[in-house]
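A closer look at the structure
One letter stands for each residue in the lines below.
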2 protein chains.
Amino acid sequence: MVVVPRQTRQRAEILDLLEDIDEFRSAQQLHEMLRARGSSVGLATVYRAVQSLSEHGDVDVLRTEDGESVYRRCEQRSHHHHLVCRSCGRTVEIEAGQAEAWAAQVGAAHGFDDVDHTIELVGTCATCRAASAS
Amino acid sequence: MVVVPRQTRQRAEILDLLEDIDEFRSAQQLHEMLRARGSSVGLATVYRAVQSLSEHGDVDVLRTEDGESVYRRCEQRSHHHHLVCRSCGRTVEIEAGQAEAWAAQVGAAHGFDDVDHTIELVGTCATCRAASAS
DNA sequence: CTCCTTCCTGAGACTGGTTCCCACTATAAC
DNA sequence: GTTATAGTGGGAACCAGTCTCAGGAAGGAG
């Protein structure tokens with residue numbers, strides 16, 4: 001009953017590109033990178049692709065501080081969180097079992113059900129720290 | 001050296017309104033509510049006010065799922081988090097010492113410094129659960 | 001109280017990310 | 001192949017939020 005998206009050249013190219021990237025990127029950045037690679041894909045198509053991919057859990061979405069959506073193909077398909085370097089964008093996928101247990105417990109303590117959580121960490125990675133310390 | 005914003009009718013009215021509200025509201029909603037109250041304040045002014053208030057720590061800001069900023073006057077002026085009902089918007093201010101300790105620890109484990117965290121909880125409050133169960 | 005500087009206000013123009021529209025094209029089932 | 005249908009793309013539309021700038025109000029100095 002799950003609708004499988006049709007396989008098109010455009011989707012393949014977008015997935016290919018995502019494979020090669022390790023940082024969160026916006027739809028517009030992806031669009032530019034595709035054009036730089038010489039493949040022409042419409043911006044609207046990039047938006048549709050990342051959206052459908054994120055719905056299927058194939059890519060993760062984050063909202064930047066200025067409200068832009070950024071996407072990244074993650075190793076873990078299961079639920080996880082991110083620790084992102086604010087300077088270079090390097091991203092570490094993290095388990096948050098402890099924090100999630102805490103969230104569920106706090107929710108229950110206040111009589112809330114079906115508690116969803118948003119947990120994201122932003123810091124400065126060791127490499128960038130060293131670079132800026134010079 | 002801290003610049004105190006000038007005291008104007010508009011700011012006073014916006015603060016008054018925020019006192020009467022317990023849920024997170026967008027700038028546009030606040031603007032409408034002000035007009036409904038019969039006071040005329042420009043939308044741009046509402047944006048400027050909530051922005052300056054949030055910078056001073058007088059109101060809290062959250063980003064909704066669709067990227068809208070919503071504001072709320074909070075009891076606690078110190079750092080805290082929120083547990084929001086997805087149905088009625090009722091909001092509980094919560095302490096997250098445990099989760100914050102975890103965040104700092106995870107960051108350190110990966111060599112990240114100055115780790116900021118975003119932690120927000122959304123659930124269904126007891127009242128709304130009861131209402132929808134009927 | 002008055003003057004004067006400075007900041008605030010507000011209507012509308014503008015921006016930038018994202019979605020919609022719709023004619024055209026490509027996929028995949030038969 | 002043929003066909004039904006979903007995907008594509010370019011541009012228009014949308015919308016939250018910001019900027020512009022002329023007029024107005026706050027509040028310190030005198």
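Refer to the structure presented above.
Residues numbered from 1 in each chain as written. Chains lettered and ligands numbered in written order. Predicted model: local features only at pLDDT ≥ 70, side-chain atom pairs only at ≥ 80, totals over all residues. Heavy atoms only, no water.

1. Comments concerning the side chain of His82 of chain A
Residue and element names in this part refer to chain A. For the record, the criterion: Helix and strand labels come from DSSP, where a helix needs a run of H or I of at least four residues and a strand needs a run of E of at least two; each type is numbered from the N terminus. Burial classes follow relative accessibility: with a 1.4 Å probe on protein chains only, a residue under 20% of its type's maximum area counts as buried, one over 50% as exposed, and anything between as partly exposed. Contacts described as polar in this section are N or O atom pairs within 3.5 Å, which, within protein, must combine one atom able to donate a hydrogen with one able to accept it, while residues neighboring in sequence count only if both atoms come from side chains.
Here His82 is to be found in strand β4 (residues 81-85). Residue classification places His82 among the buried positions, given a relative accessible area of 2%. Engagement of the side chain of His82 in a polar contact is seen with the side chain of His80, the distance being 3.2 Å.

2. Some remarks on the interface of chain B and chain A
Our working definition: A contact between two residues is defined here by any heavy atoms of the two lying within 4.5 Å. By definition, the buried area sums, over both parts, the 1.4 Å-probe accessible area that each loses when the two are put together. Whenever a carboxyl oxygen of Asp or Glu lies within 4 Å of a side-chain nitrogen of Lys or Arg, that contact is scored as a salt bridge. Ten residue types, Ala, Val, Leu, Ile, Met, Phe, Trp, Tyr, Cys and Pro, are classed as nonpolar, four, Asp, Glu, Lys and Arg, as charged, and the remainder, Gly among them, as polar. Two strands are counted as paired when DSSP detects at least two bridges linking them.
Of the residues lining the interface, 37 residues belong to chain B; the matching set on chain A comes to 37 residues. A buried area of about 2,900 Å², summed over both sides, lies between chain B and chain A, and 60% of it is on carbon and sulfur atoms. Summed over the shared surface of chain B and chain A, the result is 4 salt bridges. In this structure, the salt-bridge partner of Arg86 of chain A is Asp116 of chain B, at a minimum N-O distance of 3.4 Å. Put simply, the parts of the chain that give the side of chain B that touches chain A at least two residues each are β4 (81-85), β5 (91-94), α4 (97-109), β6 (113-124) and α5 (126-133) of chain B. Here the residues of the side of chain B that touches chain A sort into 17 nonpolar, 9 polar and 11 charged. Pairing between strand β6 (residues 113-124) of chain A and β6 of chain B: 9 bridges, direction antiparallel. Its bridge partner being in β6 of chain B, Asp113 of chain A is matched across the sheet by Thr124 of chain B.

3. A short note on the packing of helix α1 (residues 9-20) of chain B against helix α3 (residues 43-55) of chain B
Residue and element names in this part refer to chain B. Rules: Angular values range over 0 to 180 degrees, each being the angle between N-to-C directions of two axes fitted as lines to C-alpha atoms, with helices fitted over their stretch in contact. Here the word oblique covers every angle except those under 35 degrees (roughly parallel), over 145 (roughly antiparallel) and from 65 to 115 (roughly perpendicular). Handedness of a crossing is defined here by the sense of rotation of the near helix relative to the far one, left-handed for an anticlockwise turn of less than a right angle and right-handed for a clockwise turn.
Two elements in contact, α1 and α3, have axes separated by 10 Å at closest approach and are oriented at 70 degrees. Our classification of the angle between α1 and α3 gives roughly perpendicular. Considering how the two elements wind past one another, α1 and α3 form a crossing that is right-handed. Contacts between α1 and α3 involve Gln10, Arg11, Ile14, Leu15 and Leu18 on the former and, on the latter, Thr45, Val46, Ala49, Ser52 and Leu53. Per-class residue counts for the contact of α1 with α3 are 6 nonpolar, 3 polar and 1 charged.

4. Side note on the protein's contact with DNA strand C
This is how the line gets drawn: Throughout this document, a residue counts as near a molecule or strand when at least one of its heavy atoms sits within 4 Å of that molecule or strand.
Surveying the vicinity of DNA strand C reveals 19 residues, the closest of which are Tyr47 and Ser69 of chain A together with Thr8, Thr45 and Arg48 of chain B. Each atom of DNA strand C within 4 Å of the protein was assigned to sugar, phosphate or base; sugar and phosphate come to 69%. The side chain of Arg6 of chain A places a nitrogen or oxygen atom 3.0 Å from a base oxygen of DNA strand C. Between a base nitrogen of DNA strand C and a side-chain N or O atom of Arg48 of chain B, the distance comes to 2.5 Å. For the surface near DNA strand C, the elements supplying multiple residues, two or more each, are α3 (43-55) of chain A together with α1 and α3 of chain B. Residue contributions to the surface near DNA strand C peak at 4 residues, all from α3 of chain A. Looking at the surface near DNA strand C, its residues break down into 4 nonpolar, 9 polar and 6 charged.

5. Concerning the relation of the copies chain B and chain A
Put simply, the test is: Alignment of copies: least-squares fit on C-alpha atoms of residues with pLDDT of at least 70 in both copies.
Superposing chain B onto chain A requires a rotation of 179 degrees together with a translation of 0.1 Å along the rotation axis, leaving an RMSD of 0.2 Å. Both copies are brought into coincidence by an operation consistent with a two-fold rotation axis. Take the interface residues of chain B: 100% of them recur as interface residues in chain A, which is what a same-surface contact looks like.

6. Examining the nonpolar core
Convention followed: Put simply, buried Ala, Val, Leu, Ile, Met, Phe, Trp, Tyr and Cys residues joined by side-chain atoms within 4.5 Å make one nonpolar core.
One finds Ile94, Trp102 and Leu121 of chain A together with Ile94, Trp102 and Leu121 of chain B to be the most contacted residues of the largest nonpolar core, which totals 28 residues. Breaking this core down by element, the ones donating at least two residues are β4, β5 (91-94), α4 (97-109) and β6 of chain A together with β4, β5, α4 and β6 of chain B. In contact with Trp102 of chain A, other than residues within four places in its own chain, are Ile94, Glu95, Ala96, Gln98, Ala99, Ile119 and Leu121 of chain B.

7. Observations regarding the protein's contact with DNA strand D
Taken together, 20 residues lie around DNA strand D, and Arg6, Thr8, Thr45 and Arg48 of chain A together with Ser69 of chain B are the ones closest in. Arg6 of chain A has a polar side-chain atom sitting 2.9 Å from a sugar or linking oxygen of DNA strand D. Taking Gln28 of chain B, its side chain carries an N or O atom lying 2.9 Å from a sugar or linking oxygen of DNA strand D. Broken down by secondary-structure element, the contributors of at least two residues to the surface near DNA strand D are α1 (9-19) and α3 of chain A together with α3 of chain B. For the surface near DNA strand D, the element with the highest residue contribution is α3 of chain B, accounting for 4 residues. Here the surface near DNA strand D is built from residues that sort into 5 nonpolar, 9 polar and 6 charged.

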